[in-house]
Each structure stands twice: as C-alpha cells, then as structure tokens.
Amino acid sequence: MSDTLLLEAHGVAKTFGRVRAVRNVSLRLCEGQSLAIVGESGSGKSTLLSILAGQLKPDVGSIRYLSQEGWVHLEALEERHRRKLARTEWGFVRQHAQATLRPRVSAGGHVGERLMGQGARHYGQIRARAQEWMARVEMDPSRVDHLPSTFSGGMQQRLQLISNLITHPRLVLLDEPTTGLDVSVQARLLDLLRGLQADLGLAMILVTHDLGVARLLADQVMVMLSGEVVEQGLTDQVFDDPQHAYTQQLVASIL
Ligand SMILES: Nc1ncnc2c1ncn2[C@@H]1O[C@H](COP(=O)(O)OP(=O)(O)O)[C@@H](O)[C@H]1O
Ligand SMILES: [Mg+2]
C-alpha cells in the first residue's frame, strides 16, 4: 500500500427534488487502499458512488482523481474522457450482474471486451486470458463460450468481477456486490474478492449495507445516515470503538 493520493472528494452534495441524497461529503483514498461506505437503504451510498465515478454531477463540491495522465476533476469531466477512464483505469461492479451482462455475449466475450478496449487483437490470446481469469475465480474455463443466462447468479457476479479486473484497473467501485446472493455463495465470492484485492493491490470503494462485508474487505469505513457522513475512520477503530450512536447501533447488531 502506498501513500500516494488517488482520489479526493471535497464538500460533495446532491439533491433530487426535495431529497438531500448526499450532503457535504469529503473523503480521500490512496493507491491500494480500500474504503467501505456503509449505511441503511436510502442513506445516499449509491448516489455518492455514482458521483465518485463521474457518472453523476454533484450540485456542489469537487472530486479529483489521479489518472495516468495527471489529475482530473470529475465534476467537470467531459463524457468522452469519463468513458475512456471507465474503460481503461476503473472498474465498476454493480449489485445485479444481469443488468451489466448482455444476453447474447458469451462469458469469454465479456471478459475479453476490456482487453480489446486496451488494444488486444489476437483472438486466441484474448480467449486464453479469459479462460485463465475464469479459472482464477473458480469458474469452469470450458464454459467460455456459454451465454450469461446459463450461469447461476453467483457465477454471473464472478463474471462481472473478472470482466472488470482483467485489465488491472487502478480503482474499482463496487455497489453491493454480494447483496441478494445466498449466504454461502456470498462468502465464497467475498473470499475470492479479497484474494484478488491482495494480488492486484487494488484501490477499492465498496458500498454495502452489510458491516461484515466492510470489515472483511476495507481498511477504512465511512458510515452514512440520511446523506451525511456520521463517522469515518480505520475499520478496526470504527468497529472496536464506534463514536456515533448510529454506528454503535449498527455494530451492536452484528455482534
Ligand atoms: N435518480 C434519482 N431521482 C430521485 N431520487 C433519487 C435518485 N437516486 C436516488 N434518489 C434518492 O436519494 C436517496 C439516496 O438514494 P441512494 O443513493 O440510492 O441510497 P442507498 O444507495 O444508500 O440506498 C433516496 O431517498 C433515493 O430515493
Ligand atoms: Mg444503493
């Protein structure tokens, strides 16, 4: 882990009509660090994540990201530039793999897509890399040509994960990546994710309502309530000695 700053948000806020979804949020993330954003449903986690990915413009505040070409301001980023970063430097993993996997594109097609986005052209090599990554997350590589709908929910989520990680992105954003899966499927996926995180030295921002997931994967935790950050700190510290009444309640509920 380094202490090179990768992403910094300052005073970010977003309102939808009368709903103040995110209010005055600031955060910093260094290379190789992982941050979990936790809080109950509706607390503004996904909105914040979209803002941090440059997908949604905040009403106020700034977000800067250290790209390979230097600092860029995400609140003012052109769509074309954002798409390029999304393809080459970031990963974005959503809760529902079905929403991101296309029904007529094979497993290998999904995994190979980002390699092609980075200029890979040799079909045999792309296919071999896709199979290698499938094996890495305990998917059967002989199913490389199968369509997404033939895989279980947990396997589809693995597919979404490796499609994002195969190009070694600098920053991966995950929105409830294991929510809705069976508990045993979740546990295995979390193990695999933890292994990849360590192997690849990923910087990660993970949104979850599950404190157990945050504890397993994140160095730092940010607790949100009604759009506001009520507590922020090192994961161990927040779990061992929660300061805010809401965090205390959350921590007590998983003991
Ligand atoms: N596109 C949108 N239009 C209107 N309201 C929205 C939109 N996105 C989110 N909200 C509202 O903002 C609040 C925060 O939502 P969200 O960020 O999805 O929370 P979480 O991910 O923590 O469940 C909620 O009250 C939600 O209804
Ligand atoms: Mg959400």
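What counts and how
Residues numbered from 1 in each chain as written. Chains lettered and ligands numbered in written order. Predicted model: local features only at pLDDT ≥ 70, side-chain atom pairs only at ≥ 80, totals over all residues. Helix = DSSP H or I, 4+ residues; strand = E, 2+ residues; numbered from the N terminus. Rg over C-alpha atoms; globule rule 2.2 N^0.38 Å. Buried ≥ 20, exposed ≤ 12 C-beta atoms within 10 Å, placed from the backbone. Contact = placed C-beta atoms within 7 Å. Domains from an automatic or database assignment. Nonpolar A, V, L, I, M, F, W, Y, C, P; charged D, E, K, R; others polar. Near = placed C-beta within 6 Å. Pairing = 2+ DSSP bridges. Axes fitted to C-alpha atoms, helices over the stretch in contact; angles between N-to-C directions. Core = buried A, V, L, I, M, F, W, Y, C linked by C-beta atoms within 7 Å.

## Describing the overall build of the protein chain
Okay, so step 1: Within the protein chain, the secondary structure is distributed over 10 helices and 10 strands.
Okay, so step 2: The C-alpha radius of gyration of the protein chain comes to 18 Å, within 12% of the 18 Å expected for a compact globule of 255 residues.
Okay, so step 3: Seen through its C-alpha atoms, the protein chain measures out along the principal axes to roughly 55 × 40 × 40 Å.
Okay, so step 4: Expressed as a percentage of the 255 residues in the protein chain, the buried residues total 38%.
Okay, so step 5: Of all intrachain contacts in the protein chain linking residues separated by at least 6 positions in sequence, the fraction that spans at least 24 positions is 64%.

## Describing the domain arrangement of the protein chain
Okay, so step 1: Segmenting the protein chain into domains produces domain 1 (5–89 + 169–254) and domain 2 (103–168).
Okay, so step 2: In this structure, domain 1 and domain 2 have C-alpha centres spaced 25 Å apart.
Okay, so step 3: In this complex, domain 1 contributes 12 residues to the contact, which on the side of domain 2 involves 14 residues.
Okay, so step 4: The set of elements that each furnish at least two residues to the side of domain 1 that touches domain 2 consists of α2 (79–88) and α7 (183–200).
Okay, so step 5: For the side of domain 1 that touches domain 2, the leading source of residues is α7, giving six residues.
Okay, so step 6: Of the residues contributing to the side of domain 1 that touches domain 2, the split by class is 10 nonpolar, one polar and one charged.

## A short note on the site of ligand 1
Okay, so step 1: Every residue lining ligand 1 is accounted for by Phe16, Val19, Ala21, Gly39, Ser41, Gly42, Ser43, Gly44, Lys45, Ser46 and Thr47.
Okay, so step 2: Here the shell around ligand 1 gets three residues from one element, more than from any other, and that element is helix α1 (residues 45–52).

## Observations concerning the sheet that holds strand β1 (residues 5–16)
Okay, so step 1: The four strands lie next to each other as β2-β1-β4-β5, forming an open sheet whose pairing is antiparallel. Two strands lie at the open edges of the sheet, namely β2 (19–30) and β5 (70–73), each paired on one side alone. Strand-to-strand twist across the sheet, computed as the mean angle between neighbouring axes with direction ignored, equals 20°.
Okay, so step 2: Note that β1 and strand β4 (residues 60–67) share five bridges and pair antiparallel. Considered in β4, the bridge of His10 is made with Ser62.

## Quick look at the nonpolar core
Okay, so step 1: Ala36, Ile37, Leu52, Val172, Leu173 and Ile205 are the most contacted members of the largest nonpolar core, which totals 61 residues.
Okay, so step 2: When residues are assigned to domains, this core turns out to be shared by domain 1 (5–89 + 169–254) and domain 2 (103–168), each giving three or more.
Okay, so step 3: Discounting residues that sit within four places of it in the chain, Val172 has contacts with Trp90, Gly91, Val93, Asn164, Leu165, Leu202 and Met204.

## Some points on the pairing of strand β10 (residues 228–234)
Okay, so step 1: As paired elements, strand β9 (residues 220–225) and β10 share six bridges and run antiparallel to each other. Note that in β10 the partner of Val223 across the bridge is Glu231.
Okay, so step 2: Connecting the antiparallel pair β9 and β10 is a turn made up of two residues, with Ser226 showing a positive phi of about 50°.

## A look at the sheet that holds β9
Okay, so step 1: Judged by pairing direction, the sheet is mixed, and its six strands sit side by side in the order β6-β7-β8-β3-β9-β10 without closing on themselves. Lying at the two open borders of the sheet, with one neighbouring strand each, are β6 (90–93) and β10. The mean angle between the axes of side-by-side strands here comes to 15°, regardless of whether they run parallel or antiparallel.
Okay, so step 2: Note that strand β3 (residues 34–38) and strand β8 (residues 203–208) share five bridges and pair parallel. Bridging from a neighbouring strand, Val38 pairs with Thr208 of β8.
Okay, so step 3: In the packing of helix α10 (residues 245–254) onto the sheet, the strands contacted are β9 and β10, and the crossing angle to β9 comes to about 110°.

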